Amino acid sequence: MMNADLHSHSSFSDGTLAPEALVSRAAARGVELFALTDHDQLEGLAGARAAALACGLNFIDGVEISVTWRGATVHVVGLDIDPLNARLRNGLETVRAGRLARARAIAAELAAGGIEGSLEGALKHAAESPSMVGRSHFARHLADAGVVTDAKAAFRHYLVPGKPGYVPHRWAALADALGWIGAAGGIAVLAHPGRYALSSDALRDLLGEFRDCGGAAIEVVTGSHTSEEYRRFAALALQYGLAASRGSDFHSPDESAELGSLPDLADRLVPVWEQLAGAH
Ligand code: AMP
Ligand code: MN
Ligand code: MN
Ligand code: MN
C-alpha cells in the first residue's frame, strides 16, 4: 500500500519544524504522499509545496480546522483545498481570532497558581505564527521552565479540562468548517475520532452529522489511536460509508509519532487518497 501521511504540523501552527524541514523528513522516511495540515492556518503550504516539488514528493495542500460540536472540541482535516480560496481564508481568520485572548486567559490562570510569565514563554514557541498561539506552545514553555518534565506531562497536569490553565473556547461550527473546505474544493476528514470526550452514542451522532454535511472520511490510523482504536474506527468507517485516512499527526521529532511509520490501513477500507486528484 502507498505510504501516505495525510496529517502533520509545521512551525506555522504547533509543530516545531519549518515546512521545508518537515517535507525533507517525510521524504527521508519513505512517505510517498504527504499533506501539511496546520491548525487553522495555510501560511506554511507554499513553502512545503515548493520543497516537495524539489525533492519529488507528491504533496497535498491541507488544513486542520478546530471545531466546537455539542460543547466538545473536534478537529476536521481538509485535504486538497485551494489555499487561495477566500471563503476558507476568511473562515480560518475568524477561527484564529480568539487565540491570543485565550492565551492571555490561560496565562492569567497559571499566574494565579504561581506560574508567572507563561504568555511570553508560549509566544517564544509561537514565533513563526503568534496569532496561532495555543496549548502546545504553553506545554513546551512549561517544560522549558522546569514546571513539568516534558510537554506531554504539561497536558496531564495543566491545560486540560479540570486542571489549571484550561480555558474553554468556542471554535468553528461543524457545518461552517465543512462548508469552507467544500468551497475550497477540498475533501473533509474527521481527525483522530478516538480522542474526543464524547460518549459512544454522541460519537455516532457526530459521524452521522459529519457525513450528512458532506464529510468524506475519518482517520483510522493516526498517531493518536491505539491498535484497538484502528479496529474500532475501521468498523465505523465501513458502517457509515466513509473512506479512511492515515496520518501521523506529527508535531515534533521528540513529541509525536514518526512520519510515514504507522501501520497500513486494513485492506477492506477505502483509502481517502483514491478521491484526491493526482494522488495515484
Ligand atoms: P489548541 O488548539 O491550542 O487547544 O491546542 C491543541 C493541540 O494541543 C493539539 O493539536 C495537540 O497538538 C496538543 N494536545 C492536546 N492534547 C494533548 C495531549 N493530551 N498530549 C499532547 N498534546 C496534546
Ligand atoms: Mn497540534
Ligand atoms: Mn488534532
Ligand atoms: Mn493535528
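Fair warning: this is a prediction, and the values are worked out from it, not measured in the lab.

### So, the overall build of the protein chain
Scanning the protein chain for helices and strands turns up 10 helices and 7 strands. Against the compact-globule benchmark of 19 Å for 280 residues, the protein chain has a radius of gyration of 18 Å, which places it among compact chains. C-alpha atoms of the protein chain, sized along the principal axes, occupy 50 × 45 × 40 Å. Split into buried and exposed, the 280 residues of the protein chain put 56% on the buried side. Sequence separation of at least 24 residues holds for 72% of the intrachain contacts in the protein chain that already meet a minimum separation of 6. The distance from the centre of the 24 positive side-chain charges to the centre of the 33 negative ones in the protein chain is 4 Å.

### As for the coordination of the manganese ion (ligand 4)
Within the protein, the manganese ion (ligand 4) binds to His7 (NE2), His9 (NE2), Glu64 (OE) and Asp249 (OD); these donor distances fall in the range 2.0 to 2.2 Å. Sequence positions of the donors to the manganese ion (ligand 4) reduce to the motif H-x1-H-x54-E-x184-D. The metal-metal distance between the manganese ion (ligand 4) and the manganese ion (ligand 2) is 4.6 Å. One end of the pair, His7, is in the loop between strand 1 (4-5) and helix 1 (19-28); the other, Asp249, is in the segment after strand 7 (243-247), with 242 residues separating them in the sequence.

### Considerations on empty space enclosed by the protein
Here the structure, examined in full by the defined rule, presents 1 cavity of 30 Å³ or more. There is about 30 Å³ of room inside the largest cavity. Around the largest cavity, the lining residues are Ala4, Asp5, Arg246, Gly247, Ser248, Glu258, Gly260, Ser261 and Leu262. Here the lining of the largest cavity is composed, by residue class, of 2 nonpolar, 4 polar and 3 charged.

### What about the layout of surface pockets?
Taken as a whole, the largest pocket encloses approximately 1300 Å³ of empty space. Lining the largest pocket are 43 residues, and of these His75, Arg135, Ser136, Phe155 and Arg195 lie nearest its centre. Of all the elements in the fold, those that place two or more residues in the lining of the largest pocket are strand 3 (58-69), strand 4 (72-79), helix 4 (99-112), helix 6 (135-144) and helix 7 (151-157). In terms of residue class, the lining of the largest pocket is built from 15 nonpolar, 17 polar and 11 charged.

### Some points on the packing of helix 9 (residues 200-212) against helix 10 (residues 227-239)
Interhelical geometry of helix 9 versus helix 10 gives an angle of 45 degrees and a closest axis separation of 11 Å. On the basis of the axis angle, helix 9 is oblique to helix 10. The two elements helix 9 and helix 10 cross, and the hand of that crossing is right-handed. Taking contact as the criterion, the partners of Ser200, Leu203, Arg204 and Leu207 in helix 9 are, on helix 10, Arg232, Phe233, Leu236 and Gln239. Here the contact of helix 9 with helix 10 is built from residues that sort into 4 nonpolar, 2 polar and 2 charged.

### Some points on the packing of aromatic side chains
Two measures describe an aromatic ring pair: the distance that separates the ring centres and the angle between the ring planes. For the structure shown, the criterion picks out 1 aromatic pair. Seen from their ring centres, Phe34 and Phe59 are 6.3 Å apart, and the 50 degrees between their planes marks the pair as tilted. Here Phe34 is found in strand 2 (residues 33-36), whereas its partner Phe59 is found in strand 3, with 25 residues between them in sequence. The pair Phe34 / Phe59 is uniform in exposure class, with both members buried.

### A few points about the pairing of strand 7
Counting buried residues along strand 7, 5 of its 5 residues qualify, which places the element largely inside the surrounding structure. Side chains Ala243, Ser245 and Gly247 project from strand 7 onto one buried face, and the interleaved Ala244 and Arg246 project onto a second face that is buried too. Taken together, the 5 bridges between strand 6 (residues 217-222) and strand 7 define a ladder with parallel strand orientation. Note on strand 7: the bridge partner recorded for Val221 is Arg246. The handedness of the strand 6 to strand 7 crossover, carried by helix 10, is right-handed.

### As for the coordination of the manganese ion (ligand 2)
Only Asp14 (OD), Asp14 (OD), His39 (NE2) and His251 (NE2) from the protein coordinate the manganese ion (ligand 2), and they sit 2.2 to 2.8 Å from it. The site at the manganese ion (ligand 2) holds 6 donor atoms, and with the angles between them running 51 to 155 degrees, its shape is irregular. In this model, the manganese ion (ligand 2) sits 5.5 Å from the manganese ion (ligand 3). Of the two residues, Asp14 sits in the loop between strand 1 and helix 1 while His39 sits in the loop between strand 2 and helix 2 (45-55), which places them 25 residues apart along the sequence.

About the thresholds
Per-chain numbering applies: the sequence of each chain, read as written, is numbered from 1 onward. Key to labels: chains lettered from A, ligands numbered from 1, both in the order written. The model is predicted, so local features are restricted to residues of pLDDT at least 70 and side-chain atom pairs to those at 80 or more, both for listing and for counting; the totals for chains, interfaces and linings are taken over all residues. Hydrogens are left out, water is left out, and the side-chain values use all remaining heavy atoms of the structure. The way it works is that DSSP assigns letters per residue, a run of H or I at least four long becomes a helix, a run of E at least two long becomes a strand, and they are numbered from the N terminus. Each radius of gyration reported is based on C-alpha atoms, and the globular scaling rule is 2.2 Å times the count of residues to the power 0.38. For every residue, the accessible area (1.4 Å probe, protein chains only) is compared with the maximum for its type, and the residue is labelled buried under 20%, exposed over 50%, or partly exposed between those bounds. Between two residues, a contact is recorded if the distance between any of their heavy atoms is within 4.5 Å. When charges are counted, Lys and Arg are positive and Asp and Glu negative, with His and the chain ends excluded. Charge positions are represented by NZ for Lys, CZ for Arg, CG for Asp and CD for Glu. Any N, O or S atom lying within 2.8 Å of the metal counts as a donor, and for Na, K and Ca the limit rises to 3.2 Å; water is left out, so some sites can look incomplete. A pocket here means an open set of points on a 1 Å grid, computed over the protein atoms alone, that has protein on both sides within 12 Å along at least five of seven lines. A cavity is instead a set of points where a 1.4 Å probe fits but cannot get out; residues with an atom within 4 Å of a point line either one. Grid points are joined across faces, edges and corners, and a volume is the space filled by probe spheres set on the points. Polar here means any residue other than Ala, Val, Leu, Ile, Met, Phe, Trp, Tyr, Cys and Pro, which are nonpolar, and Asp, Glu, Lys and Arg, which are charged; Gly is therefore polar. Axis lines are fitted to C-alpha atoms, over the contacting stretch for helices. Their N-to-C directions set the angle, which ranges from 0 to 180 degrees. For classification purposes, angles smaller than 35 degrees are called roughly parallel, those larger than 145 roughly antiparallel, those between 65 and 115 roughly perpendicular, and all remaining angles oblique. Helix crossings get a hand from a simple test, with the near helix turned counterclockwise from the far one by less than a right angle marking a left-handed crossing and a clockwise turn marking a right-handed one. Only Phe, Tyr and Trp rings take part, Trp by its six-membered ring, and two of them pair if their centres are within 6.5 Å. Stacked means planes under 30 degrees apart, edge-to-face means over 60, and tilted covers everything else. A pair of strands is labelled paired if DSSP reports no fewer than 2 bridges between them. A crossover gets the label right-handed when its path from the first strand over the helix to the second runs clockwise, viewed with the strands pointing away from the viewer. A four-donor site is called tetrahedral if each angle lies between 85 and 135 degrees; a four-donor site is square planar, and a six-donor site octahedral, when trans pairs exceed 155 degrees and the remaining angles lie between 65 and 115; all other cases are labelled irregular.

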